[in-house]
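This is what each chain is made of:
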Amino acid sequence: MRHWVHGSSRASGVRVTFREVWHGVAALDGDLYVVGGKTGVLGAALSSVLRLDSQTGAWTEVAPLSVPRREAGVASLQGKLYACGGLVTTAQISGTVEC
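Residues numbered from 1 in each chain as written. Predicted model: local features only at pLDDT ≥ 70, side-chain atom pairs only at ≥ 80, totals over all residues. Heavy atoms only, no water.

Enquirer: For this particular structure, what's the right way to read unusual backbone geometry?
Expert: Negative phi characterises most residues that are not glycine, and trans characterises most peptide bonds. In this structure, Trp22 is a non-glycine residue whose phi angle is positive, near 60 degrees. Tracing the sequence through the fold places Trp22 in the loop between strand S3 (20-21) and strand S4 (24-28). Phi angles above zero are rare outside glycine, and Asp29 is one such case at about 50 degrees. Overall, Asp29 belongs to the exposed group, its relative accessible area being 68%. (Helix = DSSP H or I, 4+ residues; strand = E, 2+ residues; numbered from the N terminus. Buried < 20%, exposed > 50% of the residue type's maximum accessible area, 1.4 Å probe, protein only.)

See the structure below:
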């Protein structure tokens, strides 16, 4: 899966290739966060959280989720990033919220 992330100029795009699918995405303090997901069609849910620094264009891995999840709702509110619900496995729904 390929994603294009654009900086302040349309001409300055950063090309990123992810193996993950069904991840959540949200912006916080000008940076972009990619949360959870899973690897490929048959892969397990992920706990990874990646941050795109809007100033440098660099991706870094930040603190992981405590519960691996895919298809979670992700949002920022009052300076915090939240991951809500999502699937842990094909048959198990996460009823938790992480901040």
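Enquirer: Just checking my understanding: could you explain the sheet that holds strand S11 (residues 97-98) for this structure?
Expert: Hydrogen bonds between backbone groups are what pair the strands of a sheet, and the pairing can be parallel or antiparallel. With antiparallel pairing, 3 strands are arranged side by side in an open sheet as S9-S10-S11. In this open sheet, the two strands that pair with only one neighbour each are strand S9 (73-77) and S11. Relative to S11, strand S10 (residues 80-84) is paired through 2 bridges, and the arrangement is antiparallel. Paired with Cys84 across the bridge in S11 is Val97. (Pairing = 2+ DSSP bridges.)

Enquirer: I keep staring at the sheet that holds strand S5 (residues 31-35) and nothing clicks. Help me out?
Expert: A sheet is described by the order of its strands in space; here 4 strands give the open sequence S4-S5-S7-S8, paired in antiparallel fashion. Unpaired on one side and paired on the other, S4 and strand S8 (59-61) mark the two borders of the sheet. Pairwise comparison of adjacent strand axes, ignoring direction, gives a mean angle of 25 degrees for this sheet. The pairing of S5 with strand S7 (residues 49-52) spans 4 bridges and is classified as antiparallel. Bridge assignment links Leu32 to a residue of S7, and that residue is Leu52. (Axes fitted to C-alpha atoms, helices over the stretch in contact; angles between N-to-C directions.)

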